Amino acid sequence: MHMDIDELFPAHLSELRRRIDLALATHGFDGVAIFSGAAGYSFLDDRSYPFRVNPHFAQWVPLTDLQQSFVGYTPGAEPLLCFHQPADYWHRPPSLPSGDWLRQFRLEVLRDPGQALDLLGLAGRRIAFVGEWQAAFEDWGFAAINPAPLLHQLHYDRAVKTAYELECMRRASDMAVRGHLVARDAFAAGASEFETHLAYCAAVGQRDEELPYGNIIAFNEGAAVLHYQHLDRNSTGPRRSFLIDAGAQFRGYAADITRTYAAADGEFATLVGGMDALQRKLCAAVASGVDYRDIHLLAHREIAGLLRDAGVIRCGPDEALESGLSSVFFPHGIGHLLGLQVHDVAGLARDPSGAEIPRPEGHPFLRLTRRLEPGFVVTIEPGLYFIDLLLDAARSAGHGGRINWDAVERLRPYGGIRIEDDVACTPGEPENLTRDAFARSEVRDDK
Ligand code: GLY
Ligand code: MN
Ligand code: MN
């Protein structure tokens with residue numbers, strides 16, 4: 001069912017080398033040192049923040065917990081992994097890596113990060129540092145720290161996933177779907193938001209800090225808060241609706257999935273069904289050469305059409321889009337690039353120089369304006385919410401006559417709807433990583 005990930009890694013690494021060889025030559029560097037990162041500490045405390053590995057590092061080596069380490073690379077030479085394994089009896093030092101991917105690297109184990117200075121071969125060469133800068137590196141002699149032209153190029157290239165990266169994302173999708181199914185059942189069985197979150201993490205097998213973003217687990221009106229971060233401990237009270245936006249990570253690659261459930265049949269459940277149908281239509285629009293901005297604008301028209309058919313607004317899709325009314329109900333972008341970061345880099349990049357493609361006027365939150373290419377993975381996440389702040393502003397802005405306020409009153413207690421899939425652009429039909437993972441889980445359930 002899945003491809004052998006180890007078999008895919010060498011071609012992935014070759015592609016990274018091809019990209020960086022070109023980028024280094026273009027921008028006048030002899031090599032690069034990619035620093036994994038170091039956990040920061042709370043103010044006046046000896047407690048560290050959760051560690052987030054430098055995504056550039058995770059792209060080269062599938063190690064997401066490794067601090068104070070480097071990948072060193074110069075074109076033509078075998079990549080070097082400076083693996084920091086401190087002598088520490090307060091914490092468990094990282095275990096030495098194993099796995100086929102390691103054969104592609106020269107491994108050096110460091111007891112002290114300072115040992116990397118000689119290994120990285122900085123003397124007499126222009127080595128660019130990529131990562132979160134540390135004062136300890138001040139005198140090492142790097143030619144540049146995160147040089148913008150180099151990073152722009154690497155970030156631009158990163159939108160196209162290798163076969164290895166796509167496979168990592170399929171596996172992240174399988175993990176997240178396991179959590180989604182358990183969370184759906186927990187909601188139906190009467191669990192609180194907090195308990196549903198714990199059930200999700202247990203099913204995925206990841207702690208909060210290992211997830212690619214904080215879970216959004218929202219019942220009822222909470223579903224109207226776009227990045228609802230609260231986890232209510234209370235399991236009593238009515239439950240009308242459930243919005244879950246939750247992902248998983250595999251080797252540093254993210255899944256980003258949202259589902260919305262109605263607790264009972266009725267007006268809200270019908271709206272959820274309508275959103276599901278239009279979301280599938282938008283996913284089908286993911287194709288090579290398509291301007292992602294057009295998918296965003298199509299989403300506005302589709303959502304406005306759904307709202308009109310449901311009797312929530314009193315105008316057609318074009319008027320809703322042009323007047324700004326559709327943004328009252330759908331106030332975020334249709335999606336974004338996905339990969340090593342949930343909101344992956346270079347969504348607005350016109351080319352490798354860092355120049356940007358503007359967002360459509362009046363759509364300040366769209367995170368992706370590029371034309372799609374085979375290998376891009378994007379989210380498609382139309383939303384429809386009843387947000388008091390925006391509804392009040394719409395009334396003040398003169399939209400009052402276009403809104404059926406009785407319908408809004410009826411639907412407000414359900415919060416809102418978002419349905420989000422991760423979709424890979426291919427030369428032909430799009431690959432829906434999310435729906436494929438749900439389908440695989442059904443096959444497993446039948447066995
Ligand atoms: N989970 C964050 C997002 O959907 O963009
Ligand atoms: Mn998303
Ligand atoms: Mn999401």
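Here, the structure is the one placed above.
Criteria and cut-off values
Residues numbered from 1 in each chain as written. Chains lettered and ligands numbered in written order. Predicted model: local features only at pLDDT ≥ 70, side-chain atom pairs only at ≥ 80, totals over all residues. Heavy atoms only, no water. Donors = N, O, S within 2.8 Å, 3.2 Å for Na, K, Ca; no water. Helix = DSSP H or I, 4+ residues; strand = E, 2+ residues; numbered from the N terminus. Buried < 20%, exposed > 50% of the residue type's maximum accessible area, 1.4 Å probe, protein only. Pairing = 2+ DSSP bridges. Contact = heavy atoms within 4.5 Å. Axes fitted to C-alpha atoms, helices over the stretch in contact; angles between N-to-C directions. Core = buried A, V, L, I, M, F, W, Y, C linked by side-chain atoms within 4.5 Å. Parallel < 35°, antiparallel > 145°, perpendicular 65-115°, else oblique. Left-handed = near helix turned anticlockwise from the far one by under 90°. Tetrahedral: all angles 85-135°; square planar, octahedral: opposite > 155°, others 65-115°. Nonpolar A, V, L, I, M, F, W, Y, C, P; charged D, E, K, R; others polar. Expected span 1.5 Å × (residues − 1). Salt bridge = Lys/Arg side-chain N within 4 Å of Asp/Glu carboxyl O.

Visitor: Give me the lowdown on the coordination of the manganese ion (ligand 3), citing residues and values where you can.
Guide: Protein-derived coordination of the manganese ion (ligand 3) comes from Asp 245 (OD), Asp 245 (OD), Asp 256 (OD) and Glu 420 (OE), at a distance range of 2.1 to 2.4 Å. In primary sequence terms, the donor set of the manganese ion (ligand 3) follows D-x10-D-x163-E. A separation of 3.3 Å is found between the manganese ion (ligand 3) and the manganese ion (ligand 2), which share Asp 256 as a coordinating residue. Here Glu 420 lies in the loop between strand 12 (416–418) and strand 13 (421–424) and Asp 245 lies in strand 8 (residues 241–250), a separation of 175 residues in the sequence. Taking the relative accessible area as the measure of exposure, Glu 420 reaches 0% and is therefore buried.

Visitor: Residues and numbers for the sheet that holds strand 4 (residues 106–110), please.
Guide: Reading across the sheet, the 6 strands line up as 4-3-2-1-5-6 and stay open at both edges, with mixed pairing between neighbours. Two strands lie at the open edges of the sheet, namely strand 4 and strand 6 (144–145), each paired on one side alone. Pairing between strand 1 (residues 31–35) and strand 5 (residues 127–130): 4 bridges, direction parallel. Counted as the bridge partner of Gly 31 is Ile 127 from strand 5. Contacts from helix 1 (residues 5–27) reach strand 1 and strand 2 (70–73), with the element oriented near 65° to strand 2.

Visitor: Please give an account of the nonpolar core that cites residues and values.
Guide: One broad rule of soluble globular proteins: the nonpolar side chains tend to lie buried together. Counting residues in hydrophobic clusters, the biggest one holds 70 residues, and the most contacted among them are Phe 57, Trp 60 and Leu 81. No other element matches helix 5 (residues 163–188), which puts 11 residues into this core. Setting aside residues up to four positions removed in sequence, Trp 60 forms contacts with Phe 9, Leu 13, Leu 16, Arg 17, Ile 20, Ile 34, Val 71, Tyr 73, Pro 79 and Phe 105. Judged by nonpolar contacts, the second largest core, of 45 residues, contains Ala 159, Phe 268, Val 312 and Trp 405.

Visitor: Can you lay out the packing of helix 7 (residues 267–284) against helix 8 (residues 292–309) for me, pointing to particular residues and giving the numbers?
Guide: As a packed pair, helix 7 and helix 8 sit with axes 10 Å apart at the nearest point and diverge in direction by 155°. It follows that helix 7 is roughly antiparallel to helix 8 by the angle criterion. Here the hand of the crossing between helix 7 and helix 8 comes out right-handed. The segment helix 7 lies against helix 8, with Leu 271, Gly 274, Met 275, Leu 278, Lys 281 and Leu 282 engaging Ile 295, Leu 298, Ala 299, Glu 302, Ile 303 and Leu 306.

Visitor: How would you summarise the sheet that holds strand 14 (residues 431–432) if you had to cite specific residues and measurements?
Guide: Across the sheet, 3 strands lie side by side as 10-13-14; this open sheet has antiparallel pairing. Whereas interior strands pair on both sides, the edge strands pair on one side only; in this sheet they are strand 10 (377–380) and strand 14.

Visitor: Any chance you could break down the coordination of the manganese ion (ligand 2) for me, citing the residues and the numbers?
Guide: Donor atoms from the polypeptide that coordinate the manganese ion (ligand 2) comprise Asp 256 (OD), His 336 (NE2), Glu 381 (OE) and Glu 420 (OE), at 2.0 to 2.2 Å from the metal. Considering all 6 donor atoms around the manganese ion (ligand 2), the spread of angles at the metal, 50 to 155°, places the coordination shape in the irregular class. Mapping the donors of the manganese ion (ligand 2) onto the primary sequence gives the spacing D-x79-H-x44-E-x38-E.

Visitor: Lay out the packing of helix 1 against helix 4 (residues 148–158) in plain terms, naming residues and giving numbers.
Guide: Two quantities define a packed helix pair, namely the angle between the axes and the distance from one axis to the other. Running from N to C, helix 1 and helix 4 cross one another at 155°; their axes reach a closest spacing of 9 Å. Considered as vectors, helix 1 and helix 4 are oriented roughly antiparallel to each other. Handedness of the crossing formed by helix 1 with helix 4: right-handed. On helix 4, the residues touching Arg 19, Ile 20, Leu 22, Ala 23, Leu 24, Thr 26 and His 27 of helix 1 are Pro 149, Leu 150, Gln 153, Leu 154, Asp 157 and Arg 158. Among the residues making up the contact of helix 1 with helix 4, the classes are represented as 7 nonpolar, 3 polar and 3 charged.

Visitor: Break down helix 6 (residues 193–204) for me, citing the residues and quoting the values.
Guide: With 12 residues, helix 6 ought to run about 16 Å at 1.5 Å a step, and its terminal C-alpha atoms sit 16 Å apart, in line with that. Elements that come into contact with the buried residues of helix 6 comprise helix 5, strand 7 (216–219) and strand 8. Phi for Gly 205, located one or two positions after helix 6, is positive at around 85°.

Visitor: Would you mind going over the pattern of salt bridges in detail, with residue names and values included?
Guide: Close approach of charged atoms allows side chains of opposite charge to pair. By the definition in use, this model includes 27 salt bridges. Close ionic contact of Asp 185 with Arg 184 constitutes a salt bridge, the shortest N to O distance being 3.5 Å. Arg 184 gets classed as partly exposed once you look at its relative accessible area, which sits at 34%. In this structure, a network of salt bridges that share partners links the residues Arg 259, Asp 276, Arg 280, Asp 421 and Arg 435.

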